[in-house]
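Now for the letters of each chain:
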Amino acid sequence: MIFETILVIALCLLVLAIMANLYRIVKGPSSADRVQALDSVGINIIASIAVFSVLFHTHAFFDLILLIGILSFIGTTAFAKFLERGVVIERKR
């Protein structure tokens, strides 16, 4: 009973963190701040799915956590490369 209440409170706090990060993505003063906020949103979504998994007593969401982690990493590195060089995929002819 108390454990489920703590998990629901954790989910509410994670939703608030995601909303704050979405605000930073929209209003961020620089592109680097936007990338950092986007990465933080990915981490908060992973944490939310993990809390859901514990709340529902299932292991079904673990593959989704891994998939979102991989996509978040690829997206962050691609955007960082874009900010550094101006292109993501270099084509040499």
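Shown above is the structure to which this text applies.
Computed from a prediction, not measured in an experiment: that's the story for all the values here.

(A) Broad picture of a nonpolar patch on the surface. Taken together, the side chains of Ile 9, Leu 13, Val 15, Leu 16 and Met 19 present a nonpolar region at the surface, about 490 Å² in accessible area. Of note, Leu 16 is situated in helix 1 (residues 2-27). What makes Leu 16 exposed here is its relative accessible area of 53%.

(B) Quick peek at the packing of helix 1 against helix 2 (residues 31-56). The N-to-C vectors of helix 1 and helix 2 enclose an angle of 160°; their axes lie 9 Å apart at closest approach. By the angle class used here, helix 1 and helix 2 are roughly antiparallel. For the crossing formed where helix 1 meets helix 2, the hand is left-handed.

(C) Broad picture of unusual backbone geometry. The phi angle at His 57 is positive, at roughly 55°, despite the residue not being glycine. With respect to the helices, strands and loops of the structure, His 57 is situated in the loop between helix 2 and helix 3 (62-85).

(D) Expanded view of the nonpolar core. By size, the foremost hydrophobic cluster in this structure holds five residues: Leu 7, Leu 11, Leu 14, Val 51 and Leu 55. For this core, the secondary-structure elements that each account for two or more residues are helix 1 and helix 2. With three residues, the top contributor of residues to this core is helix 1. Ignoring sequence-local partners within four residues, the contact set of Val 51 consists of Leu 7, Leu 11 and Leu 14.

(E) Seen up close, the packing of aromatic side chains. Overall, the coordinates contain two aromatic pairs when judged by the stated rule. Taking the centre distance of 5.7 Å and the plane angle of 25° together, the rings of Phe 52 and Phe 56 count as stacked. With Phe 52 and Phe 56 both in helix 2 and four residues apart, the pair spans about one turn of that helix. Residue classification places Phe 52 among the partly exposed residues on the basis of a relative accessible area of 35%. Each ring, one from Phe 79 and one from Phe 82, has its centre 6.1 Å from the other, and the planes form 35°; the classification is tilted. Residue Phe 79 and its partner Phe 82 are both found in helix 3; the two are separated by three residues, about one turn of the helix.

Definitions and limits used
Residues numbered from 1 in each chain as written. Predicted model: local features only at pLDDT ≥ 70, side-chain atom pairs only at ≥ 80, totals over all residues. Heavy atoms only, no water. Patch = residues over 30% accessible without salt bridge, like charges linked within 9 Å, V, L, I, M, F, W, Y side chains within 5 Å. Areas by Shrake-Rupley, 256 points an atom, 1.4 Å probe, with all protein chains shown as cover. Salt bridge = Lys/Arg side-chain N within 4 Å of Asp/Glu carboxyl O. Helix = DSSP H or I, 4+ residues; strand = E, 2+ residues; numbered from the N terminus. Buried < 20%, exposed > 50% of the residue type's maximum accessible area, 1.4 Å probe, protein only. Axes fitted to C-alpha atoms, helices over the stretch in contact; angles between N-to-C directions. Parallel < 35°, antiparallel > 145°, perpendicular 65-115°, else oblique. Left-handed = near helix turned anticlockwise from the far one by under 90°. Core = buried A, V, L, I, M, F, W, Y, C linked by side-chain atoms within 4.5 Å. Contact = heavy atoms within 4.5 Å. Phe/Tyr/Trp six-rings, centres within 6.5 Å; stacked < 30°, edge-to-face > 60°.

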